[in-house]
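Given next are the chains, with one letter for each unit.
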Amino acid sequence: MILILMGVSGSGKTTVGQLLAQKLGCGFSDADVFHSESNIAKMHNGIPLTDDDRWPWLASIRAAIEDYRARGITHVFTCSALKEIYREKLAHPGESDIHFVLLNGSVALLQQRLAQRKGHFFDPHLLQSQIDILEIPDNAIVVDIAPAPDEIADEVLRRLK
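The rules behind each value
- Residues numbered from 1 in each chain as written.
- Predicted model: local features only at pLDDT ≥ 70, side-chain atom pairs only at ≥ 80, totals over all residues.
- Heavy atoms only, no water.
- Disulfide = S-S within 2.5 Å.
- Helix = DSSP H or I, 4+ residues; strand = E, 2+ residues; numbered from the N terminus.
- Buried < 20%, exposed > 50% of the residue type's maximum accessible area, 1.4 Å probe, protein only.
- Contact = heavy atoms within 4.5 Å.

Asker: How do you make sense of the state of the cysteines when you look at a structure like this?
Answerer: Here is the idea: a disulfide is a covalent bond, and it sits between the sulfur atoms of two cysteines. Applying the stated criterion to the full structure yields zero disulfides. With no disulfide of its own, Cys79 lies closest to Cys26 among cysteine sulfurs, the gap being 17 Å.

Asker: Looking at this model, I keep getting lost on unusual backbone geometry. Mind explaining?
Answerer: Across residues other than glycine, the phi torsion is negative in most instances, and most of the peptide bonds are trans. Phi is positive for Ala81, which is not a glycine, with a value near 45°. Note that Ala81 resides in the loop between β3 (75-78) and α4 (84-90).

Asker: When you look at the environment of Ala140 in this model, what are you seeing that I'm missing?
Answerer: Mapping Ala140 onto the fold places it in the loop between α6 (127-133) and β5 (141-144). Looking at Ala140, the relative accessible area reads 16%, which means it is buried. Considered as a pair, Ala140 and Met6 are 134 residues apart in the sequence and their alpha carbons are 9.3 Å apart. Setting aside residues no more than four positions away along its own chain, Ala140 makes contact with Phe100 and Leu102.

Take a look at the structure:
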């Protein structure tokens, strides 16, 4: 099984993803490690990524997904995956072992989290650009981010069963 935790910056993808990986006894990969240096520099400087910036990033994540699937290994990934076309690059039709989980919450809570976050390259001023392009998926588990991360992880696991 492959889990892809998606959502805008500040939604808790990394925190919840690590908890899910721990509870499932599997590995975890944060999508940020797949970004090029130029993508990181853009986001650090408050410049939104274009689709052309995202294609190689998504292809790298997909290659990792394919590797884990080929080896039959459960793995948890994070990826904003804001648009349907991005999700189509990560999971192809008929791949029933890949599950998207949208971590969704209020703008106020997201802004609060980003204001408190230290040491991350994402410029909080880019949040609105992510919210503007978010296409809510039809086929994802949607979970509210207001509860504690452990409760969110448990809810995801309940909904997967």
